[in-house]
Amino acid sequence: MGRCQRPLLLLLLPALLRTAASRCLHDETQKSVNLLRPPSTQAPPKPRSSALSLSASYNPQPLRIQTCYIVVPTSDGTWDPRGDGARGRTRALDAVREATRRIQGFLAVIPVQGPLLLSRDPGQYCLAVWGDPGTPNYHRCSLLNPGYKGEACLGAKIPDAHLRGYALWPEQGPPRMVQPDGPGVQNTDFLLYVQVAHTSKCHQEPSVIAYAAYCQLDREDRPLAGTIIYCAHHLASPSLSDRDLVTVTLHELLHALGFSGQLFKKWRDCPWGPSVTENCSTRQQVTRRDEWGQLLLTTPAVSHSLAQHLGVSGMSPGVPLEEEGPWSSHWEARLLQGSIMAATFDGAQRTRLDPITLAAFKDSGWYQVNHSAAEELLWGQGSGLEFGLVTTCGTGSSDFFCTGSGLGCHYLHLDKGRCSSDPMLEGCRMYKPLANGSECWKTENGLPAGAENPHGEIYAPQSRCFLANLTSELLPEDPTRHPSWVPYSMEMALVGRCYLHQCMERGLYQVQVEGSPWVLCLPGKAIQIPGYHGLLLCPRGRLCQTHRGLNTITSPPLRPSTQDQLLQLSLGLAGHPGFSLGMEERKELAEMILQAVVSRGGISRCHFHSPSVTTGLVFTVYMWKAPGCQGPSAAELHRALTLSLQQKPLEVYHGGARFITQQSKLPATLDHYFSTGLCLMLLILGGMLGAMAYQKRASLRVGPSTSDHPQEIHSTRGPARV
């Protein structure tokens with residue numbers, strides 16, 4: 001028998017885990033389930049008030065999920081309810097509780113009125129029906145199945161209290177009630193049955209943590225009930241973190257709630273939202289194949305959300321789905337790596353509840369969605385409609401993909417990685433976390449105390465992976481070179497190394513190598529570290545981004561107290577009406593304006609960093625007095641320049657056009673700058689100035705540095721290959 005846990009929350013489905021990125025079993029599991037819907041007419045007389053009624057007068061409310069743990073008889077050899085079994089049950093229910101709490105934060109439905117009752121399968125309890133159309137009880141059960149033992153959902157026995165009753169009908173006259181309606185479950189929109197077990201699927205797929213399916217739908221085809229089965233050996237293992245378990249549970253629950261290939265064709269078009277069900281109709285087209293045979297989910301919200309993610313205007317043709325047989329219930333891995341609904345799971349730290357997945361639930365027509373709950377997906381962000389194609393992923397045009405088999409950093413920079421592929425990537429390559437000890441954020445992965453550490457690596461919760469070729473080893477001087485240069489042996493290639501980082505503002509951070517001071521790391525730049533030979537590359541758009549609910553371990557915003565304040569100066573540019581500039585032209589114009597600003601201030605250029613001009617003709621430069629830079633503080637210089645530019649604007653000629661600076665904006669710290677939403681300029685700037693720097697190899701031979709002035713990278717050779 002089952003014992004229900006009272007917390008009201010959500011649902012279920014297939015899973016995978018970190019040891020080896022495991023695949024989800026949803027599609028193959030779901031096809032084994034016989035779906036039931038409420039009967040069109042209530043068979044027994046005196047129907048209870050528990051019949052599902054969805055009233056248009058009710059506004060959507062947070063999805064209420066009732067969880068019931070189903071104990072598996074120990075005689076089946078499935079699970080010991082004592083010892084490790086009890087701990088596994090506790091872990092499973094805790095994970096379900098947290099996952100359903102999160103779902104309640106972004107999904108709402110028209111609440112079910114009265115107690116929720118599930119249907120029985122006539123094909124199970126009835127052995128024969130009346131076949132004479134002239135009989136009053138035509139097509140009703142005439143003979144009961146003596147072997148009927150109740151209903152199950154993916155093998156989990158459903159309590160009779162959750163089920164409608166059933167009756168035996170004579171040829172003439174009223175029925176004989178065999179089992180009356182159960183009391184049902186109050187205040188519930190979805191019933192979730194949970195088991196922890198040793199099953200054949202768990203044995204056949206050792207990496208699978210859990211699998212699940214929905215088993216009943218309402219009259220609008222929204223899932224009403226499902227089961228999630230956790231593989232017992234994973235829940236007993238300390239290698240499975242609680243955060244991983246919650247993320248796997250969330251993935252499975254989203255399948256069960258409607259992100260399922262077998263339900264796509266049942267999605268509904270509700271122009272006025274789920275609260276006006278009478279205006280809904282079945283969507284005419286949910287999926288299609290493009291000219292290359294790629295299966296796409298083409299509903300409007302997901303198509304628009306993908307376009308926004310890729311940085312293009314309007315709508316995308318649709319969102320590619322993974323090819324997994326007759327149905328596909330996952331996003332294409334090449335395009336949406338790290339999404340909660342990707343087919344493989346590689347740890348909670350690398351997984352996001354992305355906006356495109358939330359858009360899919362809006363398109364289902366069953367839910368009202370809180371899009372503010374989405375987490376930013378970095379993979380492919382702003383890369384255009386060509387991103388993720390098999391024909392383009394190996395061209396080197398995107399710094400999300402890689403070529404060869406070199407060592408580098410996973411795109412989230414939490415792990416060291418190797419450039420490799422897998423069946424889901426279909427030949428495309430990315431830096432995938434190394435099998436052992438790749439996590440920079442795990443202190444235990446560091447070198448033992450007293451061990452030599454020539455690369456200055458630091459493993460700690462605030463450490464991240466950086467492409468670098470730093471070494472503290474002193475090398476013999478080359479007599480053919482200038483005395484100030486120390487040769488760097490064999491032009492050591494850039495590989496992934498773990499170093500501390502601390503966030504200053506959004507997109508801006510410092511790094512620290514063992515024994516070094518904190519050094520400003522400007523996105524897209526290569527920097528030197530005092531006391532080390534070589535270079536360290538500062539990734540752009542990857543670190544210290546603002547992610548609500550981000551699973552990564554990040555340090556709190558920190559403003560250094562021993563160095564000058566970081567400020568931003570912005571100048572509007574008045575030019576010829578309708579005059580537009582390409583990316584390279586804007587870079588050239590930014591340099592010309594910066595030269596004019598430096599001349600006006602009469603000081604060293606070392607105060608200024610990362611000049612840029614936007615497509616809207618706004619010049620921006622960051623002001624920071626780095627160690628060793630002579631002259632006034634950034635704040636004093638900013639005030640003087642602001643006054644000077646107000647009194648006498650700059651005039652610059654470029655490309656045959658004249659540009660005049662408009663009144664400069666008020667001095668602003670980065671706190672003010674980012675609060676206005678202009679932080680996107682920094683990300684755009686990183687993309688312009690460091691377009692090819694991120695995965696390049698430095699040809700510079702560099703000796704130990706005494707300053708942290710950033711250097712550009714000029715070589716075009718690729719990362720190390722092994």
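Considering the state of the cysteines
- Taken as a whole and judged by the stated rule, the model has ten disulfides.
- Bridging Cys-153 to Cys-215, the disulfide has an S-S length of 2.1 Å. Since a negative S-S torsion denotes a left-handed disulfide, the Cys-153-Cys-215 link at about -105 degrees is left-handed. Here Cys-153 is found in strand β8 (residues 152–153), whereas its partner Cys-215 is found in strand β13 (residues 210–217), with 62 residues between them in sequence. Judged on exposure class, the residue Cys-153 and its partner Cys-215 are both buried.

Things to note about the confidence of the model for the protein chain
- Taken over all residues, the pLDDT of the protein chain has a mean of 79, while the share at 70 or more is 77%.
- Ignoring residues within four places in sequence, the model shows residues 5–19, a span with pLDDT below 50, making 107 contacts including any to other chains.
- Within the model, pLDDT remains below 50 along residues 75–79, and this stretch shows 14 contacts once partners closer than five positions in the same chain are excluded.

Structural notes on the packing of aromatic side chains
- Within this structure, the stated rule accounts for 17 aromatic pairs.
- Ring centres of Trp-379 and Phe-387 lie 5.8 Å apart, and the angle between their planes is 65 degrees; this geometry places the pair in the edge-to-face category.
- For the pair Phe-387 and Phe-400, a centre-to-centre distance of 5.7 Å together with 75 degrees between the ring planes defines the contact as edge-to-face. Of this pair, Phe-387 sits in the loop between β21 (368–369) and β22 (407–409) while Phe-400 sits in the loop between β21 and β22; the two residues are 13 residues apart in sequence, bridging distant segments of the chain. Summarising the burial analysis for this pair, Phe-387 and Phe-400 share the class buried.
- Following the ring pairs from residue to residue traces out a cluster consisting of Phe-259, Phe-264, Trp-267, Trp-331, Phe-361, Trp-366 and Tyr-367.
- The cationic tip of Arg-542 hangs over the ring face of Phe-400; the distance from NZ or CZ to the ring centre is 4.4 Å.

A few points about the nonpolar core
- Core analysis: the biggest nonpolar cluster contains 80 residues, and Ile-103, Val-194, Tyr-230, Leu-254, Trp-331 and Tyr-367 have the highest contact counts within it.
- Once residues within four sequence positions are removed from consideration, Tyr-367 is found in contact with Leu-63, Leu-107, Ala-108, Val-109, Arg-222, Pro-223, Leu-257, Pro-274, Phe-361 and Lys-362.
- In this structure, Leu-569, Leu-573, Phe-619 and Leu-650 belong to the second largest nonpolar core, which totals 27 residues.

Section: the sheet that holds strand β19 (residues 319–320)
- Taken in spatial order, the three strands line up as β17-β18-β19 in an open sheet, and their pairing is antiparallel. Each edge of the sheet is formed by a strand with only one pairing partner; in this case those strands are β17 (287–289) and β19.
- Across two bridges, the pairing between strand β18 (residues 295–297) and β19 is antiparallel. By the bridge assignment for β19, Leu-296 is matched with Pro-320.

Re the pattern of salt bridges
- Summed over the entire model, instances satisfying the criterion amount to 22 salt bridges.
- Between Arg-37 and Asp-221 there is a salt bridge, with the nearest N and O atoms lying 2.9 Å from each other. Of this pair, Arg-37 sits in the loop between α1 (26–30) and β3 (61–62) while Asp-221 sits in the loop between β13 and β14 (223–231), and the two are 184 residues apart along the sequence.
- Given the relative accessible area of 40%, Arg-37 is considered partly exposed.
- Residue Arg-283 is joined to Asp-363 by a salt bridge in which the shortest nitrogen-to-oxygen separation is 3.7 Å. Here the residue Arg-283 occupies a position in the loop between β16 (281–282) and β17, and Asp-363 occupies one in helix α8 (residues 355–364), the gap between them amounting to 80 residues. Comparing Arg-283 with Asp-363, the two get one shared label, buried.

Some remarks on unusual backbone geometry
- One non-glycine residue, His-139, adopts positive backbone phi at about 75 degrees.
- Position of His-139 among the secondary structure elements: in the loop between β6 (126–129) and β7 (141–144).
- A residue is classified by how much of its surface remains accessible, and His-139, at 56% relative accessible area, is exposed.
- Although it is not a glycine, Leu-154 sits at a positive phi angle of roughly 55 degrees.
- Turning to its location among the elements, Leu-154 is positioned in the loop between β8 and β9 (156–157).
- Here Leu-154 falls in the buried class, since its relative accessible area comes to 17%.

Some thoughts on helix α10 (residues 634–647)
- Its 14 residues place the ends of α10 20 Å apart at the C-alpha level, agreeing with the 20 Å of an ideal helix rising 1.5 Å per residue.
- If you check which residues of α10 are buried, you get Ala-634, Ala-635, Leu-637, His-638, Leu-641, Thr-642 and Leu-645. Taken down its axis, α10 places every buried residue within 155 degrees of arc, on the same side. Residues of α10 that are exposed and point more than 90 degrees away from the buried face comprise Arg-639 and Gln-647.

What to know about α8
- Counting buried residues along α8, eight of its ten residues qualify, which places the element largely inside the surrounding structure.
- Listed in full, the buried residues belonging to α8 are Ile-356, Thr-357, Leu-358, Ala-359, Ala-360, Phe-361, Asp-363 and Ser-364.
- As for α8, its buried residues are in contact with β5 (107–109), α6 (242–257), β15 (268–269), α7 (300–310), β19 and β21.

Details of the pairing of strand β27 (residues 508–512)
- Among the five residues of β27, five are classified as buried, and the element is accordingly described as predominantly covered.
- Both strand β26 (residues 495–505) and β27 contribute to a ladder of five bridges, which runs antiparallel. In the strand pairing of β27, Cys-503 is matched with Tyr-509.
- Between the antiparallel neighbours β26 and β27 lie two residues, among them Gly-507 with a positive phi of about 80 degrees.
- What sits between β27 and strand β28 (residues 519–521) in their antiparallel hairpin is a turn of six residues, with Gly-515 showing a positive phi close to 85 degrees.

The rules behind the values
- Residues numbered from 1 in each chain as written.
- Predicted model: local features only at pLDDT ≥ 70, side-chain atom pairs only at ≥ 80, totals over all residues.
- Heavy atoms only, no water.
- Disulfide = S-S within 2.5 Å.
- Helix = DSSP H or I, 4+ residues; strand = E, 2+ residues; numbered from the N terminus.
- Buried < 20%, exposed > 50% of the residue type's maximum accessible area, 1.4 Å probe, protein only.
- pLDDT = per-residue confidence, 0-100.
- Contact = heavy atoms within 4.5 Å.
- Phe/Tyr/Trp six-rings, centres within 6.5 Å; stacked < 30°, edge-to-face > 60°.
- Lys NZ or Arg CZ within 6 Å of the ring centre and 35° of its normal.
- Core = buried A, V, L, I, M, F, W, Y, C linked by side-chain atoms within 4.5 Å.
- Pairing = 2+ DSSP bridges.
- Salt bridge = Lys/Arg side-chain N within 4 Å of Asp/Glu carboxyl O.
- Expected span 1.5 Å × (residues − 1).
- Arc of directions from axis to C-beta.

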